[in-house]
Amino acid sequence: MGGKVSGRLSCVCGLFGAAVLGIALLFLATTGTADRAVAASASAATGAVHVGVASCAGSTCHGRSEPTGKVVRQDEILHWQNASSKTGAHSRAYAALASARGQAIAAKMGIGPATSAGECLGCHADPAFNGKGPRWQVSDGVGCEGCHGGAGGDNGWLTTHYAVGQTHGANVSRGLYPLDQPRARAEKCLDCHLGSDRPGQFVSHRIMAAGHPRVAFEVDLFSALQQHHDEDADYVQRKRRTNNVQLWAVGQATAVGRATNLFANPRLGTDGIFPEIYFFDCHSCHRQIVDGPNGRANWVANPGRPIPSGMPPFNDENMIMLSAAAKVAAPGMAAKFDADSRAFHAALAKDRPAAVAAARRLSATAGSLADTLSRSAFGREQTFAIIDTIAGNAISPRFTDYEGSAQAVMAVDTLLNALVRQGHVSEDRARGARGAIDRAYKAVGNSNAYRPAEFRAALGQAAASIRALK
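Keep in mind the model is a prediction, meaning the values are calculated, not measured. (Residues numbered from 1 in each chain as written. Predicted model: local features only at pLDDT ≥ 70, side-chain atom pairs only at ≥ 80, totals over all residues. Heavy atoms only, no water.)

Visitor: Explain the overall build of the chain here, please?
Guide: If you tally the helices and strands in the chain, you get 22 helices and two strands. With 470 residues in all, the chain has 53% of them scored as buried. By element, 56% of the accessible surface of the chain is carried by carbon and sulfur atoms, the whole surface being about 19600 Å². (Helix = DSSP H or I, 4+ residues; strand = E, 2+ residues; numbered from the N terminus. Buried < 20%, exposed > 50% of the residue type's maximum accessible area, 1.4 Å probe, protein only. Areas by Shrake-Rupley, 256 points an atom, 1.4 Å probe, with all protein chains shown as cover.)

Encoded structure:
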């Protein structure tokens, strides 16, 4: 990956530090409505038996020690289990449950050993909800089929995906999950990196209170850190070249839809007499409280949230980013999305029925945006325009809290990397802008010392340094 993701590596190590590493260690070529249909079909097909990593690890398959394959690298297992790299995080997920931190979390929750608790295994292992073959091992962690779908069974794709003349589309029809398609990939990743309604795939506030790190995710960034394939000519012919800006934008829309759908879920949206606090902005409550003559209020008015001071705000980091993307790539829908977002925040100050209704409207709008963004080419001018919009007067006043600001600096870094990868900006020229991006990362490097005004200034400087590359 080299210089193309150097900023992304600094993001994981510098921006979130132990929190994101803890998540990693603990834990469509069709478009539009067709995207949803393909993703849904693939999701249903993943009911096939999960045969386990060992079934993929032969030296004639994905278990070579060198990337010498003619069609695919064939050293994918080596990357997946790399103990010293971010690309090995999925293989380490189960082992983290036996760590001191994993054991402490399980003990506080009273769920028995973390290594056998359903609350943990839904994401720290391949859940294989619909069946496990004899070679499947829970200790594999998040194995191949956790992302690529169950390969076994009478109609599975295990034996057909390497057959001469086989096509990617045919493999998908047999249950191979279409990770090459932006919305399908986002939906799959979000199952664990944001949450789903399936067993063991929702990190509640109680789990975080027991010690689990805050869930933070951006699909293009994390895809780059996990990538173990080359997008060569053969890959592009069989699938398509990834448009990183499109993947980022569709990921933001999908995350908004997922969060609001989960909030509206009667089983997940409440916790006793309280709403499920997981959905709300952590640092709106977890900030220093100082009383006495030197005490001061920490709350900052946010133009995107028409709620009273003192009320915990819904975590709107993805809403802010999606608003910026929509203003550039889907201007006809941007006003409706912003109106639905504000209406959702306002409804939270009324009662749960009103909030659920508003959440469902916002989720539908986000889904429509995901369809529209899936059809956008996201070229050079659009990418520069989105960076300017994120740091511009319409969006930057919404950076009053840590989560949204952290998502923004990831976005600017991701979008600059996309400009390089797509050949619009040379790596040498981009290197000159990375200093300003690093300063923006530093402004959100410590959540306990976050200062909105300082961050906005740093983000503006980063955007200006990228604008100069035009």
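Picking up after the structure, the text goes on.
Visitor: In this structure, what is going on with the environment of L78? I would like to understand it.
Guide: Structurally, L78 is set in helix α4 (residues 76-80). A residue is classified by how much of its surface remains accessible, and L78, at 41% relative accessible area, is partly exposed. Put simply, L78 and A57 are 21 residues apart on the chain and 9.2 Å apart in space, counted from C-alpha to C-alpha. With sequence-adjacent residues up to four places away left out, L78 is seen in contact with R64 and S65. (Contact = heavy atoms within 4.5 Å.)

Visitor: Is there a simple way to think about the packing of helix α21 (residues 427-443) against helix α22 (residues 452-467) in this case?
Guide: Any two packed helices are characterised by how steeply their axes cross, that is the angle between the axes, and by the distance between the axes. Two numbers describe how α21 lies on α22: the axes approach to 8 Å, and their chain directions differ by 165°. Regarding the angle of α21 to α22, the classification is roughly antiparallel. Crossing hand, α21 versus α22: left-handed. Residue-level contacts link A433, A436, I437, R439, A440 and A443 of α21 to F455, A458, L459, Q461, A462, S465 and I466 of α22. Partitioning the contact of α21 with α22 into residue classes produces ten nonpolar, two polar and one charged. (Axes fitted to C-alpha atoms, helices over the stretch in contact; angles between N-to-C directions. Parallel < 35°, antiparallel > 145°, perpendicular 65-115°, else oblique. Left-handed = near helix turned anticlockwise from the far one by under 90°. Nonpolar A, V, L, I, M, F, W, Y, C, P; charged D, E, K, R; others polar.)

Visitor: Help me understand the nonpolar core in this model?
Guide: Considering soluble globular proteins, one finds that nonpolar side chains tend to be buried as a cluster. W248, F344, I390, F399 and I466 are the most contacted members of the largest nonpolar core, which has 90 residues in total. Setting aside its immediate chain neighbours within four residues, I466 contacts F384, I387, V412, L416, L419, A433 and I437. (Core = buried A, V, L, I, M, F, W, Y, C linked by side-chain atoms within 4.5 Å.)

Visitor: Mind showing me how you'd approach empty space enclosed by the protein here?
Guide: Empty space among the atoms becomes apparent when a probe as large as a water molecule is rolled across them. Considering only enclosed or pocket space, the largest cavity measures out at about 290 Å³ in volume. As for the largest cavity, its lining consists of 23 residues, and the residues nearest its centre are L194, Y278, N315, E317 and N318. Going through the elements one at a time, α10 (182-193), α14 (244-264), α16 (317-329) and α20 (402-421) are the ones with two or more residues in the lining of the largest cavity. Looking at side-chain class alone, the lining of the largest cavity contains 15 nonpolar, four polar and four charged residues. (1 Å grid on protein atoms, 1.4 Å probe; cavity = no way out; pocket = protein on both sides within 12 Å on 5 of 7 lines; lining within 4 Å. Points joined across faces, edges and corners; volume = space filled by probe spheres on them.)

Visitor: Before we go on, may I ask you to explain the confidence of the model for the chain in this structure?
Guide: Where the model shows low pLDDT, its predicted coordinates should not be examined in detail. When pLDDT is averaged along the chain, the result is 87, and 89% of the positions lie at 70 or above. Between residues 1-46, whose pLDDT stays under 50, and residues either more than four places distant or in other chains, the model counts 124 contacts. (pLDDT = per-residue confidence, 0-100.)

Visitor: Just checking my understanding: could you explain the packing of aromatic side chains for this structure?
Guide: Aromatic rings in a pair are described by how distant their centres are and how their planes are angled relative to each other. Tallied over the full model, the rule gives 13 aromatic pairs. Between Y278 and F279, the aromatic rings sit 5.5 Å apart at their centres with planes inclined by 70°, giving edge-to-face as the arrangement. Here Y278 falls in the buried class, since its relative accessible area comes to 11%. For the ring pair F314 and F344, a centre distance of 4.9 Å and an interplane angle of 80° mean the geometry is edge-to-face. Here F314 is found in the loop between α15 (282-285) and α16, whereas its partner F344 is found in helix α17 (residues 331-348), with 30 residues between them in sequence. Of the two residues, F314 and F344, both sit in the buried class. Sitting over the face of the ring of W136, K132 holds its NZ or CZ atom 5.0 Å from the ring centroid. (Phe/Tyr/Trp six-rings, centres within 6.5 Å; stacked < 30°, edge-to-face > 60°. Lys NZ or Arg CZ within 6 Å of the ring centre and 35° of its normal.)

Visitor: What exactly am I supposed to notice about the state of the cysteines here?
Guide: Under the criterion given, the structure shown has one disulfide. Between the sulfur atoms of C123 and its disulfide partner C192 the distance amounts to 2.5 Å. Negative torsions about the S-S bond denote left-handed disulfides, and the value of about -100° found for C123 with C192 makes this one left-handed. Residue C123 is located in helix α7 (residues 118-124), and its partner C192 is located in helix α10; the two are separated by 69 residues in the primary sequence. Among the cysteines around C147, which has no disulfide bond, C189 carries the closest sulfur, lying 6.5 Å off. (Disulfide = S-S within 2.5 Å.)

Visitor: So what exactly am I meant to see when it comes to α20 here?
Guide: Given a rise of 1.5 Å per residue, 20 residues ought to cover 28 Å, and the 29 Å separating the end C-alpha atoms of α20 matches this to within 8%. Just downstream of α20 lies G423, where phi reads positive at about 80°. (Expected span 1.5 Å × (residues − 1).)

Visitor: What is the right way to look at the pattern of salt bridges in this model?
Guide: Where charged atoms from two side chains of opposite charge approach closely, those side chains can pair. In this structure the tally under the stated criterion is 23 salt bridges. When the shortest N-O distance is used, the salt bridge between D413 and R434 registers 3.7 Å. Residue D413 is located in helix α20, and its partner R434 is located in helix α21; the two are separated by 21 residues in the primary sequence. Under the relative-accessibility criterion, R434 is labelled buried at 9%. (Salt bridge = Lys/Arg side-chain N within 4 Å of Asp/Glu carboxyl O.)

Visitor: Sorry, what's going on with the side chain of Q226 here?
Guide: When you line up the elements, Q226 lands in helix α12 (residues 219-226). Side-chain polar atoms of Q226 contact the backbone oxygen of K86, separated by 2.5 Å. At 3.4 Å, the side chain of Q226 forms a polar contact with the side chain of H90. With near-sequence residues (within four places) excluded, Q226 lies in contact with K86, T87, A89 and H90. (Polar contact = N/O pair within 3.5 Å; in protein donor to acceptor, adjacent residues only side chain to side chain.)

Visitor: Whenever I open this one, the side chain of S323 confuses me. Can you help?
Guide: For S323, the position within the fold is in helix α16. The class for S323 is buried, based on a relative accessible area of 1%. At 2.8 Å, the side chain of S323 and the side chain of D338 are in polar contact. Apart from the residues within four sequence positions on either side, S323 is in contact with F337, D338, I395 and R398.

Visitor: Before we go on, may I ask you to explain unusual backbone geometry in this structure?
Guide: Comment: phi is negative for the bulk of residues other than glycine, and the bulk of peptide bonds are trans. You will see that Q74, though not glycine, has its phi angle at about 75°, which is positive. Residue placement: Q74 occurs in the loop between α3 (33-45) and α4. Although it is not a glycine, A128 adopts a positive phi angle of roughly 40°. With respect to the helices, strands and loops of the structure, A128 is situated in the loop between α7 and α8 (144-148).

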